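Structural description and commentary
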Amino acid sequence: MLTGRRYLLAFTPGQETFAELVGDACRMVWNTGLEQRRAYRRRGAFIGYVEQARQMAEAKKDFPWLAEAPSHTLQQTLRDLEKACKTHGTFKVRWRSKRKNAPSFRFPDPKHIAVERVSRRWGRVRLPKLGWVRFRWTRPLGGMVRNVTVLKDGGRWYISFCVEDGLAESTPNGKPPVGVDRGVAVAVATSDGWMRDREFVTLGEAVRLKRLQQQLARQRKGSARRSATKAKIGRLNARVRARRTDFVAWTANRLTRDHGLVVVEDLKVKNMTASAKGTLEQPGSRVRQKAGLNRSILAKGWGGLLAALEHKARCNGSRIVRVPPAYTSQTCAACGHCAPDNRESQAVFRCRACGHQANADVNAAKNILAAGLAVTGRGDLAAGRSAKRQPPETEAV
Ligand SMILES: [Zn+2]
C-alpha cells in the first residue's frame, strides 16, 4: 500500500532560493499550460500532455529559467494539469497565484532520489539539481520511495515521501458497525455514544489572530511590516492545521480499528445554518468568536476525515460506506418519526411522537448507521430496533 511520510526540511539559503525558483517555474508552467488548453478548447481543438511537454522542451531554449528547473518536476506539473483538467474540466481548473498558492513540486522518478540517515535526528535526501538536502528524521520511512514532493507550508519547507510499505490490505476485522455524524456540539459523534472533540484554536490564538488581521488591514500593501504580519498569520494557521491533521488521523484510526463498517454522511450538503444559530446561545463574544472559528475549521476537516477514514480502513480491515445526508438530524432513531421540531435544541433531541430523548448528534449518528446498514444489505440487523432498546442518552456535552 502507498503511504505518505512528511518531514521538515533544512535547506541551506542557496537551496531555499533555488526551491523558490523551481516553485515559480512550476507555477508558470501550470498557468501557461492551462491558458493553452483553454485557448485550444475555445476554438474546438485539443492539446494533451505529450504535445505540451514537447513544446515546453523547446521553450527552454528561449527561457533560461525554465531550463534551470529540474525537467521532471516541470513535466510532472503538466501531467498534474492534465489530470486536473480531465477530472474537473478545463475551465474549472484554477490558476495558481504566487500569493495564494504555496510552492509545491514533485520529483516523480525514484531513480533520481537517494535517502540516507546521517544521525539519530537527521536524514538527508539527494534530489535532482538541489543536491543533498537535510531533513528532520522523525520517523522511519518504512518502505520503498515512489516519489517525492517538496512543499512550503506555513513558511516552512517540507518533504513528503510517497512510500510503498509492502503491506497488503488487511482482512475484515469483524468488528461491529458504527455510524458517525459530524456533530454540531462536538466534532465527531458516533451511534454508540462516543464523542470526540478537540480545540483547534485556543482562546488566546483566536484573539491574536484577530489582532493580526486588524494589523494587516492597516498596513500598506507590499510593505515589509505587512509581509511580517502575513508570516505570523501563516505560522498560526499552520499550527492550527497541524492540530486538525492530528485529530483527524487519530479519530480515523480509532474508528476503523474498533469497527468493521463505518457509515458516514456524504460530504456535499449539510445544513450548517443550525450551527450558526447555536452559537448565539453561547454567552460571551470571545467564546462565540472562537466557537465559530473552531467550527469553520472543522467544516474543512470533515473532508479530511473522510479521506483519512478511507486510508485507515485499508490498514485496519474496516469498510467505509457513505450515505446521503437526508433528515438525519430530524428523524427519531427509535420510532422513525421525522419532524423539524424533534430537535429541541442544538444538543438535545426529543421525539414528538414517542418521547425518545437523546443527544442530538448521537441520534443523528444512529440514523446514519441505519441508512448505511440498509445500503449494505445488513438492514435486517435492525438498527432501529436495537437502538430502541438502548436507554435514552442524556449525556451532557
Ligand atoms: Zn420517536
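In this text, all values refer to a predicted model and were calculated from it rather than measured experimentally.

On a plain count of helices and strands, the chain comes out with 10 helices and 14 strands. A total of 397 residues make up the chain; the buried ones form 41% of that total. Contacts spanning at least 24 positions in sequence make up 67% of the contacts within the chain whose residues lie at least 6 apart. Carbon and sulfur atoms provide 52% of the accessible area of the chain, an area that totals close to 21,600 Å².

A separate point is the pairing of strand E7 (residues 156-164). In this structure, strand E1 (residues 2-10) lies alongside E7, joined through 7 bridges in antiparallel fashion. In the sheet register, Leu8 faces E7, and the bridge partner there is Tyr158. Bridge count between strand E6 (residues 144-153) and E7: 9 bridges; the pairing is antiparallel. Looking at the pairing, Leu151 lines up with Tyr158 of E7. Taking the residues that link successive antiparallel strands as the turn, the E6-E7 hairpin has 2 residues, and the phi of Gly154 there is positive, at about 60°.

Turning next to the coordination of the zinc ion. For the zinc ion, the protein coordination sphere consists of Cys332 (SG), Cys335 (SG), Cys351 (SG) and Cys354 (SG), at 2.2 to 2.4 Å. Coordination of the zinc ion draws on donor residues from a single chain, spaced C-x2-C-x15-C-x2-C in sequence. Remark: Cys354 occurs in the loop between strand E13 (348-350) and strand E14 (357-359) and Cys332 occurs in the loop between strand E12 (319-323) and E13; sequence separation between them is 22 residues. With a relative accessible area of 43%, Cys354 lands in the partly exposed category.

Take the confidence of the model for the chain next. For the chain, per-residue confidence averages 85 on the pLDDT scale, and residues scoring 70 or more make up 86% of the total. This stretch, residues 379-397, has a pLDDT under 50; its non-local contacts, to residues over four places away or in other chains, come to 24 contacts.

Let us now look at a positive patch on the surface. Together, Arg94, Arg99, Lys100, Lys221 and Lys230 make up a positively charged patch on the protein surface. Assignment of secondary structure puts Lys230 in helix H6 (residues 224-258). For Lys230, a relative accessible area of 37% translates into the label partly exposed.

Let's shift gears to the pattern of salt bridges. Under the counting rule described, the total for this entry stands at 20 salt bridges. A salt bridge links Arg6 to Asp153; its shortest N-O distance comes to 2.8 Å. You can see Arg6 sitting in strand E1 and its partner Asp153 sitting in strand E6, a full 147 residues away along the chain. Take Arg6: its relative accessible area is 39%, and that puts it in the partly exposed class.

All right, on to helix H2 (residues 49-59) then. Restricting attention to buried positions, one finds in H2 the residues Tyr49, Gln52, Ala53 and Met56. What you see down the axis of H2 is that its buried residues fit within an arc of 100°, all on one side. Turning to H2, the residues buried within the fold contact helix H1 (13-42), helix H3 (64-68) and helix H4 (71-88).

Let's shift gears to a nonpolar patch on the surface. On the surface, Met28, Phe63 and Trp65 cluster together into a nonpolar patch covering about 270 Å² of accessible area. Look at Trp65 and you get partly exposed, because its relative accessible area is 35%.

Criteria and thresholds
- Residues numbered from 1 in each chain as written.
- Predicted model: local features only at pLDDT ≥ 70, side-chain atom pairs only at ≥ 80, totals over all residues.
- Heavy atoms only, no water.
- Helix = DSSP H or I, 4+ residues; strand = E, 2+ residues; numbered from the N terminus.
- Buried < 20%, exposed > 50% of the residue type's maximum accessible area, 1.4 Å probe, protein only.
- Contact = heavy atoms within 4.5 Å.
- Areas by Shrake-Rupley, 256 points an atom, 1.4 Å probe, with all protein chains shown as cover.
- Pairing = 2+ DSSP bridges.
- Donors = N, O, S within 2.8 Å, 3.2 Å for Na, K, Ca; no water.
- pLDDT = per-residue confidence, 0-100.
- Patch = residues over 30% accessible without salt bridge, like charges linked within 9 Å, V, L, I, M, F, W, Y side chains within 5 Å.
- Salt bridge = Lys/Arg side-chain N within 4 Å of Asp/Glu carboxyl O.
- Lys, Arg positive; Asp, Glu negative; His and termini not counted.
- Charge placed at Lys NZ, Arg CZ, Asp CG, Glu CD.
- Arc of directions from axis to C-beta.

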